[in-house]
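Residue strings, one per chain:
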Amino acid sequence: MAKHGYVIVGGVAGGMSAAARLRRLDEAADIVIFEAGPEVSFANCGLPYYVGGEITSQDELLVQTPKSLKDSLNLQVHVNHRVTALDAAAHKVHVVGPAGELDVTYDHLILSPGATATRPPIEGLDNPHVHTLRTVTDAVTMRDLVTGKGGKPAKTAVVLGAGFIGLEAAEGLAHAGVEVTLVEVAPHVLPPLEQEMAQLVHEELQRLGVKVVVGTGASAVAEDGGHAVVRLADGQSLPADLVVLSTGVAPATQVFVAAGLKCDERGAIVTDAHGLTNLPDVWAVGDATLSTDAVTGARRPVPLAGPANRAGRLVADQIVAAAGKARRLGITDKIASVRPLPAPLGTAIVRVGRLTAAMTGANRASLAGAGIAFTTLHLHPLAHAGYFPGATQIHLLVHIDPRTGRILGAQAVGEQGVDKRIDVLATAMRANLTAPDLIDLDLCYSPPYGSAKDPVSMIGFLSDNVLTGQLALWQPDELDWARTKAFVLDVRTPEEFASGHLPEAVNIPHTSLRGRLGDVKQQAGGRPIAVTCQSGVRSYIAHRVLAAAGFDSRSLSGGMLTLRAFLGAAADALLVKGS
Ligand code: FAD
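### Observations concerning the nonpolar core
One recurring pattern in soluble globular proteins is that nonpolar side chains are buried together.
Phase 1 of the analysis: Ranked by internal contacts, the top residues of the largest apolar core, which has 44 residues, are Leu167, Leu173, Leu182, Leu193, Val201 and Leu205.
Phase 2 of the analysis: Both domain 2 (130–247) and domain 3 (354–467) contribute no fewer than three residues apiece to this core.
Phase 3 of the analysis: Once residues lying within four places of it in the same chain are set aside, the contact partners of Leu167 are Ala162, Leu182, Leu190, Val201, Leu205, Val350 and Val352.
Phase 4 of the analysis: Grouped together as the second largest cluster of nonpolar side chains are 31 residues, Leu396, Ala428, Met429 and Leu473 included.

Dropping the structure here:
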């Protein structure tokens, strides 16, 4: 029986990070990696871009090979070797490879088996036209279908699930000229995004030529003369040369659960703060593990590459420290107090055509689920100075604690500068800055890149206004209140008002408001005033005028831009055109 110091299961993000760090800490360590698939350390995040043809060579996806890892880090990597059993008491795993079966003992075992695509109860998912996008082989198969290698090119595709991978697959397939229908059972695409942000992504998908179906799922996939037909629960039938199954992922832990590894009901591995499982000397990282949400405290897997890579490194540090090896290896004693695995914020980003959508922290649903009170701010600043050519709007949404100003979550959608703002906000959240603290951030600025008052600074100003009571907001989901209980005052120009306004709204441009307060008083008849403008800036000015005159007024968060996006397809039916 082979004996090794460190055995690692899974040779991609978390597993290979742990292996590489172990080597850098301990030149003499005996490190073996078993990877069930044919590749190690491949760029799973790059797969959709190979399908779409932006990454043109399969080799680009192969970041390392067993040989390169042997040469540079002296790692023993065995691809096509699946660990099929664990005997924790004996410190032993059973491995099945091309040359047969073997038992291997370890001093420490690191599990990073990742996740597999979930298979919802849809009849006919074994249809040969149904594919998942998890491996290089999957991507090559899909690219070959799209380009028609060895047959006719796929003309139509149905992508089931509009999460990150589904969106990337849909975008890639559309880019490659395939007619794509994207189906999402949730009420909107990219379910972690709020409705008013997801609508912008929805519209961009339509601009790319993707047909988007939301609020209904697939019930069956059937064969029909050389292609599949996807039947939806609402009765639609969608013909497809290619069906992409991207309805979510589940931890790939069945083998280890059977060995007594403590997992939650989803199969996600429970670890301590340093990645140690309930089994002696068995550690776990990555998509297969349970994390504690940094905002809500909820326990859930966070299947993202950053947390997996960082956990691999930190667990390697901890193992070396826990084994009391640090000093012997000549590493500073500081490693004996290694950092715990950080609670993830779930910071994530996706490109959809011209747009980027990104998010960090909690959304409304998770805050409500955790019973955390929040106020939502919406802003639409320009990504860079308006006088410099090419400026486009960033649509920003931030949830804050209405008492303390703690930043609970943030989302952004736009053409430019989205990644920068969400990364700054994620950093601020990690550093426990409050939303008003953002005012003090000294961010870089020149006209092509930003504004002297950066969108992040604007969040600071707006939150400060709200928290200090200078500004009172009403939210898009309070539309019924505004229409039935309040006097709706639209302070845009007459031309903007005519482009679409609430049926009950009265138009008094903010520039005339000071002279028409008598009108407002008469028409409001004692009701509170729901002020609207285009983006929330002019209604803030109007609110200050009204508040100073003793009115009970509130400004629509994010203005008509946010309300339109919140209403989605219903906006045109509700909003009145003309004066
Ligand atoms: P993985 O990297 O998936 O590695 C697990 C490996 O373990 C697999 O190769 C598997 O074959 C192997 N394995 C499983 N069981 C066994 C066993 N019993 N024996 C031996 N080997 C086993 N994240 C982002 O943050 N940004 C992105 O843009 C992004 N894009 C993505 C796009 C796609 C198409 C996919 C599939 C994922 C994407 N991700 C992205 C997610 C990211 O890739 C994962 O979060 C990350 O790879 C998780 O690392 P891991 O080590 O836990 O699992």
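### A word on the pairing of strand E5 (residues 92–97)
Phase 1 of the analysis: Along E5, the buried face is formed by Val93, Val95 and Gly97; none of Lys92, His94 and Val96, which line the opposite face, is buried.
Phase 2 of the analysis: When strand E4 (residues 82–87) meets E5, the two strands line up antiparallel, connected through 5 bridges. For Val83, the partnering residue across the bridge sits in E5 and is Val95.
Phase 3 of the analysis: Here 6 bridges tie E5 to strand E6 (residues 100–111), and the two strands are oriented antiparallel to one another. Of the residues in E6, the one forming a bridge with His94 is Asp103.
Phase 4 of the analysis: Where E5 folds back onto E6 in an antiparallel hairpin, the turn is made up of 2 residues.

### Some points on the site of the ligand
Phase 1 of the analysis: Around the ligand lies a shell of 29 residues, among which Gly14, Glu35, Ser112, Asp287 and Ala305 are the nearest.
Phase 2 of the analysis: One nitrogen or oxygen atom from the side chain of Asn44 is found 3.1 Å from an oxygen atom belonging to the ligand.
Phase 3 of the analysis: Those elements that place two or more of their residues in the shell around the ligand are helix H1 (13–25), E4, helix H5 (164–175) and helix H8 (305–322).
Phase 4 of the analysis: Among the elements that take part in the shell around the ligand, H1 stands out by supplying 3 residues, more than any other.

### Topic: the packing of aromatic side chains
Phase 1 of the analysis: Scanning the model with the defined rule gives 1 aromatic pair in all.
Phase 2 of the analysis: Above the plane of the ring of Trp481 lies Arg554, whose end atom (NZ or CZ) is 4.1 Å from the centre.

### Quick word on the pattern of salt bridges
Phase 1 of the analysis: In total, this model carries 17 salt bridges according to the counting rule given.
Phase 2 of the analysis: Close ionic contact of Arg364 with Glu194 constitutes a salt bridge, the shortest N to O distance being 3.7 Å. Here Arg364, found in helix H9 (residues 364–369), pairs with Glu194, found in the loop between strand E10 (179–184) and helix H6 (195–207); they are 170 residues apart in sequence, far enough to count as distant.
Phase 3 of the analysis: Of the residues examined, Arg364 reaches a relative accessible area of 18% and is grouped as buried.
Phase 4 of the analysis: Note that Arg516 is salt-bridged to Asp519, the shortest N-O span being 3.0 Å.
Phase 5 of the analysis: What you see here is one network of salt bridges that share partners, running through Glu54, Glu171 and Arg351.

### Some details on unusual backbone geometry
Phase 1 of the analysis: A positive phi angle is found at Asn74, which is not glycine, with a value near 50°.
Phase 2 of the analysis: Its location among the elements puts Asn74 in the loop between helix H3 (66–73) and strand E3 (76–78).
Phase 3 of the analysis: Backbone geometry places His91, a non-glycine residue, at a positive phi of 50°.
Phase 4 of the analysis: Mapped onto the secondary structure, His91 falls in the loop between E4 and E5.
Phase 5 of the analysis: Accessibility expressed as a relative area gives 18% for His91, which makes it buried.

### Description of the side chain of His129
Phase 1 of the analysis: By secondary structure assignment, the location of His129 is in the loop between strand E7 (115–117) and strand E8 (130–131).
Phase 2 of the analysis: At 3.4 Å, the side chain of His129 forms a polar contact with the side chain of Glu223.

### A word on the environment of Lys211
Phase 1 of the analysis: Looking at the element boundaries, Lys211 is found in strand E11 (residues 211–214).
Phase 2 of the analysis: Among the residues examined, Lys211 registers a relative accessible area of 43% and is labelled partly exposed.
Phase 3 of the analysis: The contacts of Lys211, once residues within four sequence positions are left out, are Val180, Thr181, Leu182, Gln236 and Leu238.

About the criteria used
- Sequence order as written defines residue numbering, which begins from 1 separately in each chain.
- Per-residue local features are limited, in this predicted model, to residues with pLDDT of at least 70; the limit for side-chain atom pairs, both in listing and counting, is 80 or more; totals at the level of whole chains, interfaces and linings are taken over all residues.
- Where side-chain values are given, they derive from all heavy atoms of the structure, hydrogens and water being excluded.
- What makes a nonpolar core is a set of buried Ala, Val, Leu, Ile, Met, Phe, Trp, Tyr and Cys residues whose side-chain atoms join them at distances within 4.5 Å.
- When accessible area is computed with a 1.4 Å probe and restricted to protein chains, residues below 20% of their type maximum are described as buried, those above 50% as exposed, and intermediate ones as partly exposed.
- Domain start and end points were adopted from an automatic or database domain assignment.
- Whether two residues are in contact is decided by their heavy atoms, any of which lying within 4.5 Å being enough.
- Labels follow the DSSP assignment, with helices taken as runs of H or I lasting at least four residues and strands as runs of E lasting at least two, numbered in each case from the N terminus.
- The pairing criterion for strands is at least two bridges between them, as found by DSSP.
- Residues are labelled near a given molecule or strand when at least one of their non-hydrogen atoms is within 4 Å of it.
- We call two N or O atoms a polar contact when they sit within 3.5 Å, provided that within protein one can donate a hydrogen and the other can accept it, with sequence-adjacent residues counted only if both atoms are side-chain atoms.
- Two aromatic rings, drawn from Phe, Tyr or Trp (for Trp, its six-membered ring), form a pair once their centres lie within 6.5 Å of each other, and the interplanar angle then sorts them: stacked below 30 degrees, edge-to-face above 60, tilted otherwise.
- The criterion for a charge sitting over a ring is simple: Lys NZ or Arg CZ within 6 Å of the ring centre, and within 35 degrees of the ring normal.
- When a carboxyl oxygen of Asp or Glu lies within 4 Å of a side-chain nitrogen of Lys or Arg, that pair is called a salt bridge.

Remember that the coordinates give geometry; whether it matters functionally is a separate question.
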